[in-house]
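As a plain string of letters, each chain reads:
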Amino acid sequence: MDSEDELDQAFLRVESGNAAPSATAGSLVVDPITKEQNAELFRQMAVGFARPLRDFMLELVLGPATKQWIDIAKRPVTNLLKGAREFELSDLVQGLLDFEGRLDAAQNAHGARVSGLERERLLSCYERLAQALPAAFDLKPDRDRREPIVVHQLLLQVPGVHKIAIDKLYAAGLASLDGLCRSSVDDLMALARIEREGAEAIVRRFQAYLRERTEQVVEKGEVQVKQKLRAIVDKLGKAHQEFQRAEADEDRERKRRARNERRSRALEMNVLLAQLGEIDLVAELERSATERRIERVRSYIESSGRVEPARQEVP
Amino acid sequence: MNPLTRADVERRIKSGESLERADLRGADLSQISLSGKSLSRAEMDGATLEGAKLDGADLTGASLREGFLEAAQLSKAVLAKADLDGAVLRRANLSFADLRRANLEGANLEGANLEGANLKYAQLDSANLAGANLKGANFAQTDLSEAYLGGVRAAGVVLARATLRGTTLEEIDLSDANLGEAVLASALLKNVVLVGASLDEADLSKARLVGVDLSRADLRRAVMTGARLEACVLTGAKVHRADFTTANLVDVRADFLDASRDGDDTERITLSSFLESLGRGGEPAAQSVRRYIGASDVLKNAELAFGEGAEVQVDGRLEGCSITLASDASLIIGETGVLERCQIKGGNIEIHGRFLEMNRIGFVRPGQLLVSVRGAVSATIEQPPARTRFGFASGCRLRLNIKDPSQAA
C-alpha cells in the first residue's frame, strides 16, 4: 500500500467517524505530536477534497449558479467538517458550519439558482473559509491557471476580434471572466478604445458563455462533460475530413470554411478543458496536429472515468 | 517503414548521413540543432520543432503541415516550395529566409521575424501575421486572402500585385510601401498609415478603410468602387483616373488632390471637384467604360469598338488591330504601349508610347491627337471635316502624313 492510499484510508476513517482511539496499525493515534502530524496531513488532503467546492465557488463568483451545485458542494463540506472536528481545528469547524448553514438557506430560497442575497452571503462566508485554510479554499490558484486560458480562447472565438483588440482589453485590465462578463459595450469602448462593432461581439460572446455556465446541468457532471467533449471532438473530426476533401478538390472557399470550423471547434474544446482545470492537456493539444488532437481528447474521455474521486463531480 | 525518432535523427547527424526525404512525421525534435543541414523534401507533418535551430537549413519542398515550430530559428533557411499549411511559427525567426512559393495557408506567424524574407508567390491565405516583423520582406504576388496583419512592422515591405482579398490590416505603418496592382477587394484597413505608398492600379473595391492616412499615396488608376472610407486623409493623393464611383466617403479630409497624369503634383484639384469630375452628386458615372490593356498583354488582329465616354489605356502591345472609338471616347497609349499596323477610327488619342502604321491610314478622323515628349508616331492621319486638334510636345518623334479633310475619300 503506498502512502497516498494510506492517507486516503485514514481520511475515510475520519469521515466515517471510525477513527481508532488507540494507536493500532493504520489507525489515527492520539499523542499530541502524531495528532498534529495527522492534522497537517488532513490540511494537505483537504486541498483535493475541497475541489468540487472550489469549482462551485468559481461559478458563483462569475454570477448566479444553478442549485444543483449545492448538493455537489455539500458532500465535501460535511466530510471536511468531520475531519476538522477530529483535529480540533476550531476556526475551520466554525467556518464550515456557517457555510453549511448558508448552503441550506440557499437551497431553501426561491428559484432554481443561487443568486442575489444568498449568493452574496455564500461568497462572504466562503471568504472566512479561505482565511481558515487558504490551501484548500483559496480560489486564486485555480483561477490563475484556468481563467487566462478560458478568457483568451473565448476572445479568439469572437469574429473580427484579433490580437490588437485583445491586447487593448488586457492593457485596460479587462483580462478576467468576471470583468468581461460584467462589462457593457460602452465600458469596452471607453476603457479599451475598441470600436462598437467589436465591443458588441465581445459582450455577446461573454454573456452567452455566462449563460451556458449558469444554466448547465451539473448533476451527473462527468457524463455530461464526456458527452459535450465527445460531441465537439466528433465535429472537429468532421471538419477535418471536410478540410481534407476540400483540399483534394482544390476548392479554396470550402477549405477556408472547413479550416475556420476546425479552429472554432478546437477553441471550444480548449475552453471546456480549461474550465475543467486540464491546463496541461490544453497546452499539449496546442502543439499537436489535428488528427493527434482528436486521438488525444478521445483517449482523455475514455480514461476520465478513472479520475480521482473529487473530480468525479466536476461539471 | 516507421517514421524516424529524435534518436535516429541524432544518430544520422553524427554519422553524417543525409536527412533529405527523411520520414520525420510527428517526431519530437524540440530544441534540436540542425543548422545548415539539408532536410529537403523531408516529411515532417505534425512534427514538433519548438525552439529548433535550423538557421541556414535547406528545407526545400519539405512537408511541415501542422508542424509546431514556435520560436524555431530559421534565419536564412531555404523553405522554397515547403508545405507549412496550418503550421505554428509563432515567434519563429525567419529573417532573410527563402519562402518563395511556400504554402503557409492558415499558418500562425504571430510575432514571427520575417525581416528581409522572400515570400514571392507564397500562399498565405488565412494566415495570422499579428505583430510580425515584415521589414523589407518581399510579398510580391503572394496570396494573403483573409489573412490577419495587425500591428506588424512593415517598413519597406513589398506587396506589389499581392492578393489581400478580405484581409484585415490594422495599426500598421505602410508608408512608402509598394502595393502597386495589389488586390485589396473587400479588405478591412483600420488605422493604417499609407503615406506616400504606391497603390497604383490597386483594386480596393468594396474595401473598408477606417482612419487610414493616404496622404501623397499613389492611387492612380486604382479601383475604389463600392469602397467605404471613414475618417481617412487623402491630402496630396495622386488620383489620376482613380475610380471612386460609388465609393462612400465619410469624414474624409483632403486639402488638395494631385490629379496630374504623371503624379508630379502639377495639377491640383479639390476633393469636391474631383468627385464632381467623376460625375458624382447626381450624374451617374457608371456609363463610362474603362478598358485597360496591361504591359504584358499582346493583342493581334483584333477588332475593338468602344462607345460613348469610354476610356481605354494601352500599356501592352497591339498588332494589326482595328479600333473604333465613339466621338467622345479616349484612347491613351501609355509609355510602354506599342501599336503596330493598327488603325484607330474616331475618338481622342493621347500617345506616350509608340504608334507605327506606314501602309494605310493609321488615324481615321480623330477628334484630337496629342503626342507627349516620350511619344513616337509614324502614320497617316485622315482628318474629319471639323479638323483634328493636334498637340505635339517638343521632343516627341513624329513622321506624320496629315491629310486635309478635303482629301478624304
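Just so you know, the residues in each chain are numbered from 1, in the order the chain's sequence is written. Note on labels: chains are lettered from A, ligands numbered from 1, in written order. Since the coordinates come from a predicted model, pLDDT governs what is reported: local features require at least 70, and pairs of side-chain atoms require 80 or more to be given and counted, while whole-chain, interface and lining totals use all residues. By convention in this description, side-chain values take in all heavy atoms of the structure and omit both hydrogens and water.

Things to note about the overall build of chain A
- Secondary structure counts use DSSP, requiring at least four H or I residues in a row for a helix and at least two E residues in a row for a strand, with both numbered from the N terminus. The helix and strand inventory of chain A stands at 16 helices and two strands.
- Here, Shrake-Rupley sampling with a 1.4 Å probe gives the accessible areas, and only protein chains in the shown set may cover a residue. Counting only carbon and sulfur atoms, one obtains 49% of the accessible surface of chain A, whose full area is about 15,600 Å².

Some remarks on the sheet that holds strand E2 (residues 168–173) of chain B
Residue and element names in this part refer to chain B.
- Strand order in the open sheet made by the six strands is E1-E2-E3-E4-E5-E6, with parallel pairing throughout. Either end of the sheet is taken by a strand with one partner, and the two such strands are strand E1 (148–150) and strand E6 (248–250). Taken pair by pair, the neighbouring strands of this sheet meet at an average axis angle of 15°, ignoring direction.
- At least two DSSP bridges between two strands are needed for those strands to be called paired. Bridge analysis of strand E4 (residues 208–210) against strand E5 (residues 228–230) gives three bridges, and the strand direction is parallel. Considered in E5, the bridge of Val210 is made with Glu230. Fitting a line to C-alpha atoms yields each axis, with helices limited to the stretch in contact; the angle taken between N-to-C directions then spans 0 to 180 degrees.

Focus on unusual backbone geometry
Residue and element names in this part refer to chain B.
- Even without glycine at this site, Lys76 takes up a positive phi of about 60°.
- Phi at Ser126 takes a positive value of approximately 65°, unusual for a residue other than glycine.
- Overall, the relative accessible area of 18% leaves Ser126 in the buried class. Burial classes follow relative accessibility: with a 1.4 Å probe on protein chains only, a residue under 20% of its type's maximum area counts as buried, one over 50% as exposed, and anything between as partly exposed.

Quick word on the side chain of Asp258 of chain B
All names here are of chain B.
- Following the sequence through the fold, Asp258 ends up in strand E7 (residues 257–258).
- Within the buried set, Asp258 has no salt-bridge partner at all; the shortest N-O distance to an opposite charge, 4.1 Å, is to Lys238.
- Within the structure, the side chain of Asp258 is placed 2.7 Å from the side chain of Ser260, a separation counted as a polar contact.
- Throughout, a residue-residue contact means that at least one pair of heavy atoms, one from each residue, lies within 4.5 Å. Beyond its immediate sequence surroundings of up to four residues, Asp258 is in contact with Gly236, Ala237, Lys238, Val239, His240, Gly263, Asp264, Asp265, Thr266 and Glu267. We score Asp and Glu as negative and Lys and Arg as positive, and we do not count His or the chain ends. Criterion for a salt bridge: a side-chain nitrogen of Lys or Arg within 4 Å of a carboxyl oxygen of Asp or Glu. Distance and chemistry together define a polar contact, namely a pair of N or O atoms within 3.5 Å, with one atom able to donate a hydrogen and the other to accept it when in protein, and with adjacent residues in sequence counting only for side-chain atoms on both sides.

Examining the pattern of salt bridges
- Enumeration according to the criterion identifies 65 salt bridges over all chains in this entry.
- Each of Glu195 and Glu197 of chain A together with Glu170, Lys190, Arg208, Arg228 and Glu230 of chain B takes part in salt bridges that share partners, so that together they form one network.

Focus on the interface of chain A and chain B
- Contact residues are listed per partner, giving 18 residues for chain A and 28 residues for chain B.
- Here the quantity called buried area is the total loss of accessible area, with a 1.4 Å probe, experienced by two parts when brought into contact, counted for both. For the pair chain A and chain B, the summed buried area comes to about 1,800 Å², and 39% of that belongs to carbon and sulfur atoms.
- The interface formed by chain A and chain B holds 14 salt bridges in total.
- We note a salt bridge from Lys168 of chain A to Glu171 of chain B, for which the minimum N-O separation is 3.3 Å.
- Linking chain A with chain B are 13 residue pairs in polar contact (both at pLDDT 80 or more).
- Contributing elements (two or more residues each) for the side of chain A that touches chain B: helix H9 (163–171), helix H13 (221–248) and helix H14 (252–275) of chain A.
- Residue classes follow a fixed rule: Ala, Val, Leu, Ile, Met, Phe, Trp, Tyr, Cys and Pro count as nonpolar, while Asp, Glu, Lys and Arg count as charged, and any other residue, Gly among them, counts as polar. Of the residues that constitute the side of chain A that touches chain B, the class distribution is three nonpolar, three polar and twelve charged.

Details of the packing of aromatic side chains
- Two rings belonging to Phe, Tyr or Trp (six-membered ring only in the last case) form a pair when the distance between their centres is within 6.5 Å. Interplanar angles under 30 degrees mark stacking, angles over 60 mark edge-to-face geometry, and anything in between is tilted. Applying the stated criterion to the full structure yields seven aromatic pairs over all chains.
- Consider the rings of Phe56 of chain A and Trp69 of chain A, whose centres lie 6.0 Å apart with planes at 20°: the pair is stacked. Separated by 13 residues along the polypeptide, Phe56 of chain A in helix H3 (residues 51–62) and Trp69 of chain A in helix H4 (residues 68–86) bring together distant segments of the chain. Each member of the pair, Phe56 of chain A together with Trp69 of chain A, is buried.
- One aromatic cluster is present, formed by Phe99, Tyr126 and Phe137 of chain A through successive ring pairs.
- Directly above the ring of Tyr121 of chain B sits Arg101 of chain B, whose terminal nitrogen or CZ lies 4.2 Å from the centroid. Two limits define a charge over a ring: the Lys NZ or Arg CZ must be within 6 Å of the ring centre, and within 35 degrees of the ring normal.

Structural notes on the sheet that holds strand E15 (residues 330–333) of chain B
Residue and element names in this part refer to chain B.
- If you trace the six strands from one edge of the open sheet to the other, you get E9-E12-E15-E18-E20-E22, paired in parallel fashion. This sheet does not close on itself; its edge strands, each paired only once, are strand E9 (290–293) and strand E22 (389–392). Each neighbouring strand pair of the sheet contributes to a mean axis angle of 10°, computed without reference to strand direction.
- Summarising the sheet, E9 and strand E12 (residues 311–314) pair through four bridges and their orientation is parallel. Each residue of the ladder has a partner; that of Arg290, found in E12, is Glu311.

Brief notes about the nonpolar core
- The criterion is simple. A nonpolar core is a set of buried Ala, Val, Leu, Ile, Met, Phe, Trp, Tyr and Cys residues joined through side-chain atoms within 4.5 Å. Counting 97 residues, the largest nonpolar core has Leu99, Leu234 and Phe244 of chain B as its most contacted members.
- The set of elements that each furnish at least two residues to this core consists of E2, strand E3 (188–193) and helix H2 (271–277) of chain B.
- No other element matches H2 of chain B, which puts three residues into this core.
- Here the bounds of each domain stem from an automatic or database domain assignment. A domain split of this core shows at least three residues from each of domain 1 (1–158) and domain 2 (161–287) of chain B.
- Counting 45 residues, the second-largest nonpolar core is a separate cluster that includes Val151, Ile194, Ala201 and Met269 of chain A.

Notes on the pairing of strand E20 (residues 368–371) of chain B
Residue and element names in this part refer to chain B.
- Only one face of E20 is covered, namely the one carrying Leu369 and Val371; the face carrying Gln368 and Leu370 has none of its residues buried.
- One ladder, built from four bridges, connects strand E18 (residues 348–351) with E20; its direction is parallel. Paired with Asn348 across the bridge in E20 is Gln368.

Remarks on the packing of helix H2 (residues 32–49) of chain A against H4 of chain A
Residues and elements named next belong to chain A.
- One way to put it is that H2 packs onto H4 with a least axis distance of 10 Å and a crossing angle of 170°. By the criterion of interaxial angle, the relationship of H2 to H4 is roughly antiparallel. In contact with Lys35, Phe42, Ala46 and Phe49 of H2, H4 contributes Pro76, Leu80, Gly83, Ala84 and Glu86.
- Tallied by class, the residues present in the contact of H2 with H4 amount to six nonpolar, one polar and two charged. Any angle that falls under 35 degrees is termed roughly parallel, while one over 145 is termed roughly antiparallel, one within 65 to 115 roughly perpendicular, and all others oblique.

Focus on the confidence of the model for chain B
Residues and elements named next belong to chain B.
- Confidence scores labelled pLDDT are given residue by residue by the predictor and lie between 0 and 100. For chain B, per-residue confidence averages 92 on the pLDDT scale, and residues scoring 70 or more make up 97% of the total.
- At the low end of the mean pLDDT range in chain B sits E9, at 82; at the high end sits E1, at 97.
- Among the scores for the predicted complex, ipTM is 0.71 and pTM is 0.71.

Here we look at the side chain of Asp23 of chain B
All names here are of chain B.
- Looking at the element boundaries, Asp23 is found in the loop between helix H1 (6–14) and E1.
- According to the relative accessible area criterion, Asp23 is buried, its value standing at 18%.
- Not counting the four nearest positions on each side in its chain, Asp23 is found in contact with Met1, Pro3, Leu4 and Glu43.

Section: helix H5 (residues 90–108) of chain A
All names here are of chain A.
- Expected span, for any helix, means 1.5 Å times one less than how many residues it has. In a regular helix each residue adds 1.5 Å, so 19 residues correspond to 27 Å; H5 covers 27 Å between its end C-alpha atoms and thus fits that length.
- For H5, the full list of buried residues reads Leu92, Val93, Gly95, Leu96, Phe99, Glu100, Leu103 and Ala106. Down the axis of H5, the smallest arc covering the buried residues is 165°, so these residues share one side. Opposite its buried face, H5 presents the exposed residues Ser90, Asp91 and Asn108, each directed more than 90 degrees away.
- Summarising the contacts, the buried residues of H5 are in contact with H2, H3, H4, strand E2 (113–114), helix H6 (116–132) and helix H7 (134–137). Within this analysis, the arc is defined by the directions that extend from the helix axis to the C-beta atoms.

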